Amino acid sequence: MTTSMELQDVHKSIGNKQIIKGLNFTIKKGEVFGFLGPNGAGKTTTIRMMVGLMNITSGDIKINGISIKNNFKEAIRHVGAIVENPEMYPFMTGWKNLKHYARMIPGITDERIKEVIRLVGLEKAVNEKVGKYSLGMRQRMGIAQALLHNPSILILDEPTNGLDPSGIREIRSYIRNMAEKEQVSVIVSSHLLSEIELMCDRIGIIKNGELITVEEVQDTSTENDDVTVKLDLDDNEKAMTILQDQLELETKIVQERVVANLPKSSVPQLVRKLVEEDIAIYEVAVERSRLEDKFFELIGENTIA
């Protein structure tokens, strides 16, 4: 898969304090990449270096193979970003806001503006004043603004911040849509781990300015990780005895279901044993290790941002 962005041994120091310590990772074309870390880990500093709002002390960031240090103007034209909350003129319509922004960038046609409006689903609201928009609509308008010049990379810092559940779902849907249909690489920094898990293809976790891991989201649970199994059975007491005595599992009853924790690879053995013992199984629900669990396991803290 083609690489859209590459961080090469990126360092950032302010005075004698080293903020970012040798970041190395790549962003693939058309993927949604989640960037996670606790407060003060260096997420915002890294994003600011990606978009040229902060100088790199050493190392380099390449966008579509172009160095942001050596050829900033050419590199940055491939990037769209919302680093803070999107700012618009509330007394102007969505269309006029986008037209005003388009004047700053050569070559943006009305057709491109209409295309972006369709992409973020604002066709019905684009002729209303932005001051009447909901927070979710303003976020979508900000994404539209960032997409006008047809970037290959979109950087979003807390895109679902302050949104209600339906707004969060909307933004998640548009982000996935952009990545899949437009082949835009999207870098998302967020503190909502459940949303990152639903939205992203890969995640990078940063702590104290260092990259701890980059993982595929579906790989946050492996065959050796423990999972929680909830069983709807016809004889809970008999099942608990079998699981405790023969498989040496700790079990409990929760809402009339037998619950046990065990390695994912051992689940088939558990089911076979219950069938052999003539226990009727109505449902087996397996809950894998969540990104949240993995996150806290890696950073060893109980605060996120």
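Fair warning: this is a prediction, and the values are worked out from it, not measured in the lab.

## Thoughts on the overall build of the chain
Line of reasoning, step 1. Along its length, the chain carries ten helices and 14 strands.
Line of reasoning, step 2. Its C-alpha atoms give the chain principal-axis dimensions of roughly 75 × 50 × 35 Å.
Line of reasoning, step 3. Residues counted as buried form 48% of the 305 residues belonging to the chain.
Line of reasoning, step 4. Sequence-distant contacts in the chain: of pairs separated by 6 or more residues, those separated by 24 or more amount to 69%.
Line of reasoning, step 5. Side-chain charges of the chain comprise 38 positive and 45 negative groups, with the mean position of each set lying 12 Å from the other.

## Considerations on helix α9 (residues 267–276)
Line of reasoning, step 1. Listed as buried for α9 are Val267, Leu270, Lys273 and Leu274. Projected onto a plane normal to the axis of α9, the buried residues spread over an arc of 125 degrees and lie on a single side. Among the exposed residues of α9, those oriented more than 90 degrees off its buried face are Val275 and Glu276.
Line of reasoning, step 2. On its buried side, α9 packs onto β11 (226–233), α8 (236–245), β13 (257–263) and β14 (281–287).

## Observations concerning the domain arrangement of the chain
Line of reasoning, step 1. Split by domain assignment, the chain resolves into domain 1 (3–216) and domain 2 (226–293).
Line of reasoning, step 2. The centre of domain 1, based on its C-alpha atoms, is set 43 Å off from the matching centre of domain 2.

## Structural notes on the sheet that holds strand β1 (residues 3–14)
Within a sheet, neighbouring strands are paired by backbone hydrogen bonds and run either parallel or antiparallel to one another.
Line of reasoning, step 1. Overall, antiparallel pairing links the four strands, which are arranged β2-β1-β4-β5 in an open sheet. If you trace the sheet from one side to the other, it starts and ends with β2 (17–28) and β5 (66–67), each paired once.
Line of reasoning, step 2. As defined by bridge partners, β1 adjoins β2 across nine bridges and the pair is classed as antiparallel. Pairing of isoleucine 14 across the sheet is with lysine 17, part of β2.
Line of reasoning, step 3. Sheet contacts for helix α1 (residues 43–50): β1, β2 and β4 (58–63); angle to β1, the most-contacted strand, approximately 120 degrees.

## So, the nonpolar core
Line of reasoning, step 1. Val32, Ile113, Ile143, Leu154, Ile175 and Val186 are the most contacted members of the largest nonpolar core, which has 43 residues in total.
Line of reasoning, step 2. Once residues within four sequence positions are removed from consideration, valine 186 is found in contact with Glu31, Val32, Phe33, Leu154, Leu156 and Ile175.
Line of reasoning, step 3. Core analysis: the next-biggest nonpolar cluster, separate from the first, contains 25 residues, Leu7, Val10, Ile20 and Ile187 among them.

## Observations regarding the packing of aromatic side chains
Line of reasoning, step 1. Counted under the stated rule, the structure contains three aromatic pairs.
Line of reasoning, step 2. Seen in terms of ring centroids, phenylalanine 25 and phenylalanine 33 are 5.3 Å apart; in terms of plane orientation they differ by 5 degrees. Their pairing is stacked. No difference in accessibility class separates phenylalanine 25 from phenylalanine 33, as the two residues are buried.
Line of reasoning, step 3. Between the aromatic rings of tyrosine 89 and phenylalanine 91, the centroid separation amounts to 5.7 Å while the plane-to-plane angle is 55 degrees, which identifies the pairing as tilted.
Line of reasoning, step 4. The class for phenylalanine 91 is exposed, based on a relative accessible area of 57%.
Line of reasoning, step 5. In this structure an aromatic cluster arises from ring pairing among Phe25, Phe33 and Phe35.

## Concerning the sheet that holds strand β10 (residues 210–216)
Line of reasoning, step 1. The six strands are arranged β6-β7-β8-β3-β9-β10 in an open sheet whose pairing can be described as mixed. Each of the sheet's edge strands pairs with one partner strand only, and the pair in question is β6 (79–82) and β10. Strand after strand, the sheet turns through a mean of 15 degrees between neighbouring axes, direction not considered.
Line of reasoning, step 2. Across the face of the sheet, helix α5 (residues 135–147) comes into contact with β6 and β7 (153–157) while running at roughly 155 degrees to β6.
Line of reasoning, step 3. Sitting on the sheet, helix α6 (residues 165–182) is in contact with β3 (32–36), β7 and β8 (185–189), with an inclination near 130 degrees to β3.

## Regarding the side chain of histidine 11
Line of reasoning, step 1. Structurally, histidine 11 can be placed in strand β1.
Line of reasoning, step 2. On the basis of relative accessibility, which here comes to 17%, the residue histidine 11 falls in the buried class.
Line of reasoning, step 3. Not counting residues up to four positions away in its chain, the partners in contact with histidine 11 are Gln18, Ile20, Lys21, Gly22, Met49, Ile56, Thr57 and Ser58.

## A few points about the side chain of serine 67
Line of reasoning, step 1. In this fold, serine 67 is placed in strand β5.
Line of reasoning, step 2. Taking the relative accessible area as the measure of exposure, serine 67 reaches 8% and is therefore buried.
Line of reasoning, step 3. Only 2.7 Å separates the side chain of serine 67 from the side chain of aspartate 60, close enough to count as a polar contact.
Line of reasoning, step 4. A polar contact is formed between the side chain of serine 67 and the backbone nitrogen of lysine 69, at a distance of 3.1 Å.
Line of reasoning, step 5. If we ignore the near neighbours within four places in the chain, the residues touching serine 67 are Asp60, Ile61, Lys62, Phe72 and Ala75.

## A short note on unusual backbone geometry
Note: most residues except glycine have negative phi, and most peptide bonds are trans.
Line of reasoning, step 1. Notably, asparagine 150 is not glycine yet its phi reads approximately 60 degrees, a positive angle.
Line of reasoning, step 2. Of note in this structure, aspartate 278 is not a glycine but carries a positive phi near 65 degrees.
Line of reasoning, step 3. Within the secondary structure layout, aspartate 278 lies in the loop between α9 and β14.
Line of reasoning, step 4. Judged by its relative accessible area of 66%, aspartate 278 falls in the exposed class.

The rules behind the values
Residues numbered from 1 in each chain as written. Predicted model: local features only at pLDDT ≥ 70, side-chain atom pairs only at ≥ 80, totals over all residues. Heavy atoms only, no water. Helix = DSSP H or I, 4+ residues; strand = E, 2+ residues; numbered from the N terminus. Buried < 20%, exposed > 50% of the residue type's maximum accessible area, 1.4 Å probe, protein only. Contact = heavy atoms within 4.5 Å. Lys, Arg positive; Asp, Glu negative; His and termini not counted. Charge placed at Lys NZ, Arg CZ, Asp CG, Glu CD. Arc of directions from axis to C-beta. Domains from an automatic or database assignment. Pairing = 2+ DSSP bridges. Axes fitted to C-alpha atoms, helices over the stretch in contact; angles between N-to-C directions. Core = buried A, V, L, I, M, F, W, Y, C linked by side-chain atoms within 4.5 Å. Phe/Tyr/Trp six-rings, centres within 6.5 Å; stacked < 30°, edge-to-face > 60°. Polar contact = N/O pair within 3.5 Å; in protein donor to acceptor, adjacent residues only side chain to side chain.

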